[in-house]
Amino acid sequence: MGFFKRKPKEKTEEVAITEAAEITAPEEAAQPQEEIPETEAPPPKKLGLFAKLKAGLQKTRDSLAGGVNRVVNSFTKIDEDFFEQLEEALILADLGAATADEVCEQLRVKIKRTGATETSVITGMLREIIAEMLTGGNDLDLSGSPAVIMVIGVNGAGKTTTIGKLAANLKAEGKKVIVAAADTFRAAAIEQLAEWVARANGFAVPAQGDGSRPEFQAAGVDIVRHAEGADPAAVAYDACNAARARGADVVIIDTAGRLHNKRHLMEELKKIARSVDKVLGEDTHTLETLLVLDATTGQNAVNQARLFSEATPISGIVLTKLDGTAKGGIIVSIKNELNIPVKLVGVGEKIDDLQAFVPEDYVNILFPDEPA
Ligand SMILES: Nc1nc2c(ncn2[C@@H]2O[C@H](COP(=O)(O)OP(=O)(O)O)[C@@H](O)[C@H]2O)c(=O)[nH]1
Ligand SMILES: [Mg+2]
């Protein structure tokens, strides 16, 4: 199985557009650096995907499974008090009020149907309910030729880092990738992307990224860039042209997070999408719009997802910085409240720290049979 396995494509719904709210980046630097979770033994050099996800989710597991276990262990019978406390534990673990309520409702139905009276069955039922909530549309659509992936999200969420990791993964699958440096807001953003491209190709990263190099194209991941302040849609246009000329498999477009408001964001993203269509309209390309969210911002990330989805149709979420945060429960909240599937998760800052999101793995880690 490839890293990004494929299933039939799902269409995202168009969402109504409102104009009032502002989209702002989370307080920069105000966020405390969360500690990397302590594991019993220092992790071996190369952790398997599941082990890495498990290590990354440790704090979330402590919060979610810990909270649920406390409630389960303090009740022997399933009654109203039990449900009340369970719902509270789920809210505290960042599932959000609406989703915690929904989970408890489904739990009531299951309990009624099975006639269960003992709290010992709860963990297994929660695992099933949450897995079902999270499942559907989790695979990245790479079927187009080329497959275009537009990456959006507020500044600092992890867009550029995710693009670097994604490009490396796709290259490892033998795909030819072109990244478009359409975050032209700061020169440093373009340099940062160029550095990730070097890294994805296995080249030494220069102190200052030096943009496209002849050997990038041969290695599999190339970058198309313009000067700072250039029109992002023009960068996307050139990247798509290069992709078509060279028969590239995937085009990944980095975008700016510093957009004043929803209308501005909407216009900018529409313009980029128009560029893609202008060049590839006749081709069998596909477009994924991935919203990158920082898991450490908890429910704020859910609000961001809501605002972005009002500005543009989003086909999937990349949830970054799952490593070291206790707020990984927001995955459930995002999917349940906005019906946008989580497709990829970031579990660290290194090139191999991006994974396809597998709901079963997530729930098996968070609701282990044996208490964590
Ligand atoms: N721990 C951790 N840090 C991440 C992850 N993804 C991104 N980051 C860090 O988040 C910061 C912002 O990332 P960047 O890609 O520049 O965000 P952008 O502004 O959205 O492009 C950088 O310091 C990254 O190393 C992740 O999955 N885990
Ligand atoms: Mg960036």
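Remember, it's a predicted structure, so these values are computed and weren't measured experimentally.

Asker: Is there a simple way to explain the overall build of the protein in this structure?
Answerer: Within the protein, the regular secondary structure consists of 13 helices and 8 strands. Looking at the protein residue by residue over its 372 residues, the buried ones come to 46%. Looking at the protein alone, contacts between residues at least 24 apart form 77% of all its contacts between residues at least 6 apart.

Asker: Looking at this model, I keep getting lost on helix H13 (residues 359–366). Mind explaining?
Answerer: Residues spaced three or four apart along an α-helix point in a common direction, a consequence of the helix completing one turn every 3.6 residues. For H13, every residue scored as buried is listed here: Pro359, Tyr362, Val363, Ile365 and Leu366. Buried positions in H13, seen along its axis, are confined to an arc of 160 degrees and lie on one side of it. Close packing links the buried residues of H13 with helix H1 (49–56), helix H2 (58–74), helix H5 (122–134) and helix H12 (330–338).

Asker: Sorry if this is basic, but what is going on with the packing of helix H10 (residues 262–280) against helix H11 (residues 299–311) here?
Answerer: Think of two packed helices as two axes; the pair is described by the angle between the axes and how far apart they sit. At a closest axis distance of 9 Å, the pairing of H10 and H11 adopts a crossing angle of 55 degrees. Considered as vectors, H10 and H11 are oriented oblique to each other. Helix-helix and strand crossings are classified by hand; for H10 and H11 the assignment is right-handed. Taken together, the residues of H11 that come into contact with H10 (itself represented by Lys262, Leu265 and Met266) are Leu307, Glu310 and Ala311.

Asker: Help me out: how do you make sense of helix H6 (residues 159–172) in this one?
Answerer: Compared with an ideal rise of 1.5 Å per residue, which puts 14 residues at 20 Å, H6 spans 20 Å between its outermost C-alpha atoms and is within 8% of the ideal. Burial runs high along H6: 12 of the 14 residues are buried. At the C-terminal side of H6, Gly174 shows a positive phi close to 85 degrees.

Asker: Got a minute to help me understand the environment of Ala98 in this structure?
Answerer: By the element assignment, Ala98 lies in helix H4 (residues 97–114). Residue class for Ala98 comes out partly exposed when judged on the 13 C-beta atoms lying within 10 Å of it. Separated by 235 residues in sequence, Ala98 and Ser333 have C-alpha atoms that sit 8.0 Å apart.

Asker: Explanation requested: the sheet that holds strand E1 (residues 147–152) in the structure shown.
Answerer: Hydrogen bonding along the main chain pairs the strands of a sheet, whether they run parallel or antiparallel. Pairing within the open sheet is mixed, and its 8 strands lie in the order E3-E2-E4-E1-E5-E6-E7-E8. Bordering the open sheet on either side are strand E3 (221–224) and strand E8 (354–356), each of which pairs with just one other strand. Across the sheet, the mean angle separating the axes of adjacent strands is 25 degrees when strand polarity is ignored. Pairing analysis gives 3 bridges linking strand E6 (residues 316–320) to strand E7 (residues 342–346), with the strands arranged parallel.

Asker: Got a minute to help me understand unusual backbone geometry in this structure?
Answerer: A negative phi angle characterises most non-glycine residues, just as the trans form characterises most peptide bonds. In this chain, Ser145 is followed by Pro146 through a cis amide linkage whose omega measures 0 degrees. Take Pro146: it is sitting in the loop between H5 and E1. Positive phi values are uncommon outside glycine, yet Asp94 reaches one of about 70 degrees. Among the structural elements, Asp94 can be located in helix H3 (residues 80–95). A tally of 25 C-beta atoms within 10 Å means that Asp94 is categorised as buried. A positive phi angle is found at Lys321, which is not glycine, with a value near 60 degrees. Take Lys321: it is sitting in the loop between E6 and H12. Taking the number of C-beta atoms within 10 Å as the measure of exposure, Lys321 has 27 and is therefore buried.

Asker: Would you take a moment to explain the confidence of the model for the protein for this structure?
Answerer: The predicted structure's coordinates, where accompanied by low pLDDT, should not be read in detail. Across the protein, pLDDT averages 86, with 84% of residues at or above 70. Helix H8 (residues 214–219) is the least confidently modelled element of the protein, averaging 82 in pLDDT, while strand E4 (residues 250–254) averages 98, the highest of any element. This model gives residues 5–22 a pLDDT under 50, and the stretch forms 25 contacts once residues within four places in sequence are excluded. Contacts for the low-pLDDT stretch residues 25–34, under 50 throughout, to residues beyond four places or in other chains number 16 contacts.

Asker: Can you walk me through the packing of H2 against H3 in this structure?
Answerer: Between H2 and H3, whose axes approach to 9 Å, the crossing angle comes to 165 degrees. Here H2 lies roughly antiparallel to H3, going by the angle between them. Pair H2 / H3 crosses with right-handed handedness. Packed against H2, whose contacting residues are Ser63, Leu64, Gly67, Val68, Arg70 and Val71, the element H3 presents Phe82, Gln85, Leu86, Ala89, Leu92 and Ala93 at the interface. Classifying every residue of the contact of H2 with H3 gives 8 nonpolar, 3 polar and 1 charged.

Asker: Looking at this structure, how should I read the environment of Ile111?
Answerer: Considering the arrangement of structural elements, one finds Ile111 in helix H4. Sequence separation between Ile111 and Val121 is 10 residues, and the spatial gap between their C-alpha atoms is 8.8 Å. Look past the residues within four positions of Ile111 in its chain and what remains in contact with it is Ile78 and Ala116.

Asker: Quick question: what am I supposed to make of the pairing of E1 here?
Answerer: Remember that side chains alternate between the two faces of the sheet whenever the strand is regular. E1 sits mainly inside the fold: 6 of its 6 residues count as buried. Residues Ala147, Ile149 and Val151 line one face of E1 and the alternating positions Val148, Met150 and Ile152 line the opposite face, and both faces are buried. Here E1 pairs with E4 via 5 bridges, running parallel. Paired with Val148 across the strands is Val251, a residue of E4. As judged from the 6 bridges shared by E1 and strand E5 (residues 286–294), these two strands associate in the parallel manner. By the bridge assignment for E5, Ile149 is matched with Glu288.

Conventions we followed
Residues numbered from 1 in each chain as written. Chains lettered and ligands numbered in written order. Predicted model: local features only at pLDDT ≥ 70, side-chain atom pairs only at ≥ 80, totals over all residues. Helix = DSSP H or I, 4+ residues; strand = E, 2+ residues; numbered from the N terminus. Buried ≥ 20, exposed ≤ 12 C-beta atoms within 10 Å, placed from the backbone. Contact = placed C-beta atoms within 7 Å. Arc of directions from axis to C-beta. Axes fitted to C-alpha atoms, helices over the stretch in contact; angles between N-to-C directions. Parallel < 35°, antiparallel > 145°, perpendicular 65-115°, else oblique. Left-handed = near helix turned anticlockwise from the far one by under 90°. Expected span 1.5 Å × (residues − 1). Pairing = 2+ DSSP bridges. pLDDT = per-residue confidence, 0-100. Nonpolar A, V, L, I, M, F, W, Y, C, P; charged D, E, K, R; others polar.

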